[in-house]
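Okay, here's what each chain looks like letter by letter:
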Amino acid sequence: MKRSIISATLFAAALAATSVAGVARANPTIENNGVLANRDGRTLYTFTKDSAGKSNCSGGCIAAWPAFTVANPALAGGDFTIVTRDDGAQQWAFKGQPLYFFAGDQKPGDVNGDKQGGVWFVIPGAQKARTSAAPANTQSTYGY
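Parameters and conventions
- Per chain, the residues get numbers from 1 upward, laid out in the order the sequence is written.
- Totals for whole chains, interfaces and linings use all residues, but because this is a predicted model, local features are given only for residues with pLDDT of at least 70 and pairs of side-chain atoms are given and counted only at 80 or more.
- To obtain the side-chain values, all non-hydrogen atoms of the structure were used and water was disregarded.
- Strands here mean DSSP runs of E at least two residues long; helices mean DSSP runs of H or I at least four residues long; both are numbered from the N terminus.
- Contacts are assigned to residue pairs that have any heavy atoms within 4.5 Å of one another.
- What sets the accessible areas is the Shrake-Rupley method with a 1.4 Å probe; for residues, cover comes only from the shown protein chains.
- Disulfides are defined as pairs of cysteine sulfur atoms found within 2.5 Å of each other.
- Using a 1.4 Å probe on the protein chains alone, a residue whose accessible area is under 20% of its type maximum counts as buried, one over 50% counts as exposed, and one in between counts as partly exposed.
- Stacked, tilted and edge-to-face pairs are distinguished by plane angle, under 30 degrees for stacked and over 60 for edge-to-face with tilted covering the rest, among Phe, Tyr and Trp rings (Trp via its six-membered ring) whose centres lie within 6.5 Å.
- What makes two strands pair is DSSP finding at least two bridges between them.

What am I meant to see in the overall build of the protein here?
In terms of regular secondary structure, the protein is built from 2 helices and 7 strands. N-terminal to C-terminal, the α/β element order of the protein is α-β-β-β-α-β-β-β-β. Sequence separation of at least 24 residues holds for 60% of the intrachain contacts in the protein that already meet a minimum separation of 6. Accessible surface, the protein as shown: approximately 7500 Å² in total, 54% of it carbon and sulfur.

Shown next as structure tokens:
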């Protein structure tokens, strides 16, 4: 267990360092495989336990679900805003909902975190509408 937390934390740190390095242009994201992703193609997620403009993911949660932190605040606007986390870090939000990565996604385009625990969801790209169907798997390996 301790090793997995350390691995998730190291992955989160590496992801944070590389995920926003390529941020440029009109907004901080792209569409990859029909879902919202950062410029490197890493899938972004929302957490239903967050409230608009406020992240409720910290501690072990943030190790498994690293925040999509802000490298270039000048890109904020429209649907993309910035929320300040309790730890002082700035995090991207889409339509007021803070954005996260999933430590279990190993490569760009992975969507392994979608529907985890019935509270983590991908954001469909511009061409897809979000459905309200009940998630098939409501068990989260990460307990969040």
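Any chance you could explain the state of the cysteines here in plain terms?
On inspection of all chains with the given rule, the structure shows 1 disulfide. Covalently, Cys57 is tied to Cys61 through a disulfide, its sulfur atoms 2.1 Å apart. Measuring the twist about the S-S bond at about -110°, one finds the Cys57-Cys61 disulfide to be left-handed. Residues Cys57 and Cys61 agree in their burial class; the two are buried.

Help me out: how do you make sense of the packing of aromatic side chains in this one?
Two aromatic rings are characterised by how far apart their centres lie and by the angle between their planes. By the definition in use, this model includes 9 aromatic pairs. Centroid distance Phe47 to Trp120: 4.2 Å. Interplanar angle 10°. Geometry classified as stacked. One end of the pair, Phe47, is in strand 3 (residues 45-47); the other, Trp120, is in strand 7 (residues 120-122), with 73 residues separating them in the sequence. Look at Trp120 and you get buried, because its relative accessible area is 0%.

Before we go on, may I ask you to explain the pairing of strand 5 (residues 90-94) in this structure?
Regular strands place side chains that alternate from one sheet face to the opposite one. Counting buried positions along strand 5 gives 4 out of 5 residues, so the element sits mostly inside the fold. By the bridge criterion, 5 bridges tie strand 4 (residues 80-84) to strand 5 in an arrangement that is antiparallel. Along strand 5, the bridge assignment pairs Val83 with Gln91. What sits between strand 4 and strand 5 in their antiparallel hairpin is a turn of 5 residues, with Gly88 showing a positive phi close to 95°. As paired elements, strand 5 and strand 6 (residues 97-98) share 2 bridges and run antiparallel to each other. Paired with Ala93 across the two strands is Pro98, which belongs to strand 6. Linking strand 5 back to strand 6 in an antiparallel pair, the connection comprises 2 residues, with Lys95 at a positive phi of about 50°.

Mind showing me how you'd approach the pairing of strand 2 (residues 35-38) here?
Here strand 2 shows no split at all, with Val35 and Ala37 on one side and Leu36 and Asn38 on the other all buried. As paired strands, strand 1 (residues 29-32) and strand 2 are joined by 4 bridges and run antiparallel to one another. Pairing of Asn32 across the sheet is with Val35, part of strand 2. Hairpin remark: strand 1 followed by strand 2, antiparallel, with 2 residues in the connecting loop; positive phi at Asn33, about 55°.

Just checking my understanding: could you explain the sheet that holds strand 4 for this structure?
Ordered by their spatial adjacency, 3 strands build an open sheet running 4-5-6, and the pairing between neighbours is antiparallel. If you trace the sheet from one side to the other, it starts and ends with strand 4 and strand 6, each paired once.

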